[in-house]
Amino acid sequence: MINDKLLHPESIVVVGASNNTGKPGGKIVKNLLDHQFKGDLFAINPHESQVQGIPSFEDVGELPDVDLAILAIPAKHCLKTITQLVEENNTKAFIIISAGFGETDEAGKELEKKIVEVIEKHDACLIGPNCIGVMTPSHASVFTTPIPELTPEGCDFISGSGATAVFIIESGIPKGLRFANVFSVGNSAQTGVEDVLAYLDENYEDGVSPRVKLLYIENINNPDKLLLHATSLIRKGCKIAAIKAGSSSAGSRAASSHTGALTSSDAAVEALFRKAGIVRCYGREELTTVASVFMCKELEGDKLAIITHAGGPGVMLTDALESGGLKIPEIEDVPAKSALLEKLFPGSSVENPIDFLATGTAEQLGHIIDACENDFDVDGMAVIFGSPGLFPIGDVYDLLSEKMKVCKKPIYPILPSIINVKEDVAHFLARGNVNFPDEVLLGRALTKVMNTAKPSANNVFTDGIKTDEIRKIIDTTENGYQPPEIIHKLFAVAGIPMVKELVATSESEAVLAALSIGFPVVMKVVGPVHKTEVGGVVLNVRNVNEVRKEFHHLFQIEGTEGVLIAQMASGTELFLGASYEPDFGHVVLCGMGGIYVEVLKDVSSGLAPLSHAEAHSMIEGLKSYRILQGFRKQKGVNIEKFADILVRLSTLLRFATEIKELDINPLLGNENEILAVDARIRIEK
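Residues numbered from 1 in each chain as written. Predicted model: local features only at pLDDT ≥ 70, side-chain atom pairs only at ≥ 80, totals over all residues. Heavy atoms only, no water.

Chemist: Honestly, the sheet that holds strand β18 (residues 411–414) in this entry has me stumped. Any pointers?
Modeler: Backbone-to-backbone hydrogen bonds join strands into a sheet, with any given pair of strands oriented parallel or antiparallel. The four strands lie next to each other as β16-β15-β17-β18, forming an open sheet whose pairing is parallel. Both outer strands of the open sheet, β16 (354–355) and β18, are each paired with one neighbouring strand and no more. Here helix α14 (residues 394–406) sits on the sheet in contact with β17 (380–384) and β18, set at roughly 160° to β18. (Pairing = 2+ DSSP bridges. Helix = DSSP H or I, 4+ residues; strand = E, 2+ residues; numbered from the N terminus. Contact = heavy atoms within 4.5 Å. Axes fitted to C-alpha atoms, helices over the stretch in contact; angles between N-to-C directions.)

Chemist: Sorry if this is basic, but what is going on with unusual backbone geometry here?
Modeler: Glycine aside, residues mostly have negative phi, and peptide bonds are mostly found in the trans state. That bond from Asn352 to Pro353 is cis: its omega, 10°, falls within 30 degrees of zero. As for its position among the elements, Pro353 is in the loop between α12 (334–341) and β16. Going from Phe519 to Pro520, the amide bond is cis rather than trans, its omega being -5°. The residue Pro520 is located in the loop between α19 (507–517) and β21 (521–526) in this model. For Asn540, which is not glycine, the phi dihedral falls at a positive 60°. Here Asn540 is to be found in strand β22 (residues 537–541). The class for Asn540 is partly exposed, based on a relative accessible area of 31%. The backbone of Asp583 shows a phi angle near 80°, a positive value even though the residue is not glycine. In this structure, Asp583 sits in the loop between β24 (572–581) and β25 (585–592). The class of Asp583 is exposed, set by a relative accessible area of 56%. (Buried < 20%, exposed > 50% of the residue type's maximum accessible area, 1.4 Å probe, protein only.)

Chemist: It is not clear to me how helix α7 (residues 223–235) should be interpreted in this structure. Could you clarify?
Modeler: Residue pairs three or four apart in sequence face the same way in an α-helix, which turns once every 3.6 residues. In this model α7 runs 18 Å from its N-terminal to its C-terminal C-alpha over 13 residues, within 8% of the 18 Å that 1.5 Å per residue would give. Residues of α7 that are buried include every one of Pro223, Leu226, Leu227, His229, Ala230, Thr231, Leu233 and Ile234, and no others. Buried residues in α7 make contact with α6 (193–202), β12 (212–217), β13 (239–244) and α9 (265–276). Positive backbone phi, at 110°, marks Gly237, one or two positions downstream of α7. (Expected span 1.5 Å × (residues − 1).)

Chemist: Any chance you could explain the side chain of Thr447 here in plain terms?
Modeler: Considering the arrangement of structural elements, one finds Thr447 in helix α16 (residues 439–451). Overall, the relative accessible area of 7% leaves Thr447 in the buried class. Side-chain polar atoms of Thr447 contact the backbone oxygen of Arg444, separated by 3.0 Å. Apart from residues lying up to four places away in sequence, Thr447 is in contact with Ala320, Leu321, Gly324 and Leu326. (Polar contact = N/O pair within 3.5 Å; in protein donor to acceptor, adjacent residues only side chain to side chain.)

This is the structure we're talking about:
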């Protein structure tokens, strides 16, 4: 639990303080002094009467009351020290820098547990152990550098890794990214990333609190808490970007369905972030570039003007933006284009990108920005301006800084000459601006921000879904893979359309079933899980004689319990699936069927229950989305119905948590209808 004594202490003691600034206890004291902690500062070092000019005591028994204690001593001494501080010195906040706890062995975990029990008994707060510390505008209680400028206009940053926190800060500072508070939670014995985020949410003040939050997460211990508070903050107007380390499929398991093979803890994370509206990043540079985009005015459309005096970067930025779905539209206002061209040097181009040559001036840049702001049909601007080192360009950056403040449309500055004109870039950043030194990183970050959906609605869609009937069916089933009749019943009460199907256990039943459904039909074995692999699917059966022949063929396959006779549907193959992930709930997957799911693994994930907006976001996030829309002469599928089935499936799962794996592969869809053709459901109660 975060408290005010951690954030704004009036007194701090460093236990294990040292005059040697090469040691953590020495560097913490130095950082506190260098960054002008204004309260009372004490040291515990039995061998020194003073440490770096501050009073030092032999042990904590000699201390007055103190708000915050920072421990840089061996793990084995921490419990006794903390017990003394909470009982005798009224200490309410602790940062344990020391390692040797739960990250090492079971004994370390037990020690952590005992420390947390003592701290919580006294309503105190613990950060760590095994962390670098905490930075707030009040104090820099870390043993690392660099220490960024800490300002409410910066971003809050919470990291599960101390070293990674340092590297992310080092990535952000050269871009002009500023920080407000930095929390390195280490082992998260009491306080994890989710807990810090909860505090920032519950104490958020509009117009006062930082609106940008960055997360580096190694373990999500409480997905519901993370989802609740991330969603709440974003709805309050905040922006959140996060790295979740460990994106590979952890603990590969033998799976009896496509969904089981595709779903992993990472798919659950992807689904959680999608539902919350968190922009997911995969590296330090991407995270700090996305954060820098957040620091600019918000882009409210998808049309961007690129203003450049160098052709290559303009082309690369165009490619990056358009590949992510943003548009670089042609400037069509002929009179406005002509008027602007008259103010530029001969040879300049006022198409888009707008190229005003390497000799372009600050005055000319101002004319271009004004035209984009007032005359041209664009929603924002990216300005590329570097220098070969021939002449000063400080006036260009001064003008750009001013325009970024007064223009209503966002301006993204790309100042790549971080060596040739590093002093001018430094002056530009010192005025509170950010810089995107790499145009492609900006393009990818901006499109990622624009393509991240808003947090989803909390309500569960139940229109036309008989939730009571779902429970009755589930309550009367047995564990394991369900027979076709149970699947049909579940889909019927959920409103998920299926092809007509009947199960036959004799030749005569098969013939009657085929005549009832109407030719052509599909015949499939009932029993073996992977029907195709055992030759258990026969398509396009057109008459009674073929039904008889194929029935006997299929019944000879080992494990066959019956033969399913199904309506022969046609259309584009689609895929839906779901798997229950502990702590997260049901992860729902969608994609195209066939090779797209089996080989290319082109799937999107969402967390049940889904809203229609979430379902559309999942479908639109597929690489194959353009095919689903209709591509060249190939007709598309009914996206609205696909999304509706996705939502209905998620509601079914919401009321049938006993379903642990579900596959619908394929659904067959066209412009008019989408039908589930083959489905598997595994239940565990």
